[in-house]
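Examining the three-dimensional arrangement
The lines below spell out each chain.
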Amino acid sequence: MTMPMQSRLPSTARTQGPDLAKLKAYLLNAVTHEFEINPPAPEQREVLIKEILVNTYAQTRLTLPESIKAQIFHDIHDDLLGYGPIQPLLDDPSITEVMVNGPKQIYVERKGKIVKTNVTFDDDTHIMRIIERIVLPLGRRVDADSPTVDARLPDGSRVNAVVPPVAIDGPNITIRKFGRERLTVEQLIEFDSLTRSMADFLRACVLARLNIVISGGTGSGKTTLLNVLSSYVPEDERIVTIEDAAELRLDQEHVVRLESKPAGVEGRGMVTIRDLVRNSLRMRPDRIVVGECRGGEALDMLQAMNTGHDGSLTTIHANSPRDALSRLETLTLMAGMDLPLRVVREQIASAVDLIVQQSRMRDGSRKVTAITEVAGMEGDTIVMTDIFKFEQTGVGPDEKVLGDLKPTGIRPMFSPRLEVAGFRLGAELFNTGISDLVAQRRRR
């Protein structure tokens, strides 16, 4: 095999950081040089990497401990075929988020808690190589002229990267991991994210084609809940999903997935979420599912809900159901239409049937803390009614949040729509006494 023309390493080397870094760089250059001369087929890359590393290391005549040599080979393998030092973090199923703040500052979220790791990159250039490996296969770019990018990994994990000059202290990466298996409603009930009664109620609402907005803060579990609710949509309906970076994983067969597109190098070719929402109306959808409303597309989404596209689902960043309505107002006005505030509120009150509030608690757990009906207008105010609500009762050992998810005792005004769809939900579902049974079960 052709070897790179560069100076050889000395025949002896100490097992110290700088020397190992030089050895790693030398071996990495050998592999990349060989691949540039004789590009291998994708299925041959792994075998050839190992072969080149073994041969090149033998030529250095170094005698490192086997464990150190194996670690260097493993690091180079991850650099070439994976995502460098953070690959083990991505492989760890207990980690839900990976945050790279700099070469020596890498944090993860595990069980809702953020902790610093001992994983490190070589330098900022090393981080940039990994960012480019993520975004280039997707046809996206990141540089000084386009310093932010949203992307996704092949497993569906969401990636955000920011580079200088926007990122003052150097490039950084944030990866929201998705589990290999999608969480089911049974698992959410097991995790105390919601109760069986709440799950049955939400299933009935989806099948009865109510328009539902999932509200919550960053990392509260909105997309997970949206996946669960979307799974209730019948197989014979055509679903169009619209996202910035495709995250939703629906099992139904008749699903059309759309993803926004940033502008190209010349600043042309951008396709926004709003463009996709408008286009979806010409695709004969039975359901429109927007991953997140964060701009003027909120107006188009409301108009779709008000013009026969019942059963639509979306998420929004807000800390309470009332805040969700305020944010919807703001986003609708961002569409650039000079609409009176009362008209906007009438659009919202007419379009949205239900707001499901998802929250991340202080102990890291995620719960549905409110299911709220949008009951119409009273004067200039949108009327809201809590159907289910979480009431915190205290804090237990290890700062675990204690409380009950229970109905408020109020039946929703859209109950007749549920009955027409075949769901006669009994009074016990909305009876506040059910919370006592839930509490007793937990105590057992």
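Source: prediction; values computed, not measured.

Below, the discussion takes up unusual backbone geometry. For the bond from Pro164 to Pro165, the omega torsion is 10°, close enough to zero to count as cis. Topologically, Pro165 is positioned in the loop between strand E5 (158–162) and strand E6 (172–176). Unlike most non-glycine residues, Arg209 shows phi in positive territory, near 65°. Position of Arg209 among the secondary structure elements: in the loop between helix H7 (196–207) and strand E7 (212–216). Overall, the relative accessible area of 22% leaves Arg209 in the partly exposed class. Non-glycine residue Arg284 carries a positive phi angle of around 55°.

What follows deals with the sheet that holds E6. The strand order E3-E2-E1-E6-E5-E4 describes an open sheet built from 6 strands, whose pairing is antiparallel. Of all strands in the sheet, those with a lone pairing partner are strand E3 (113–116) and strand E4 (148–152), marking the two edges. Neighbour-to-neighbour, the strand axes of the sheet open up by a mean angle of 15°, direction not taken into account. Bridge analysis of E5 against E6 gives 5 bridges, and the strand direction is antiparallel. Bridge pairing links Arg158 to Arg176 in E6.

Definitions and cut-offs
Residues numbered from 1 in each chain as written. Predicted model: local features only at pLDDT ≥ 70, side-chain atom pairs only at ≥ 80, totals over all residues. Heavy atoms only, no water. Helix = DSSP H or I, 4+ residues; strand = E, 2+ residues; numbered from the N terminus. Buried < 20%, exposed > 50% of the residue type's maximum accessible area, 1.4 Å probe, protein only. Pairing = 2+ DSSP bridges. Axes fitted to C-alpha atoms, helices over the stretch in contact; angles between N-to-C directions.

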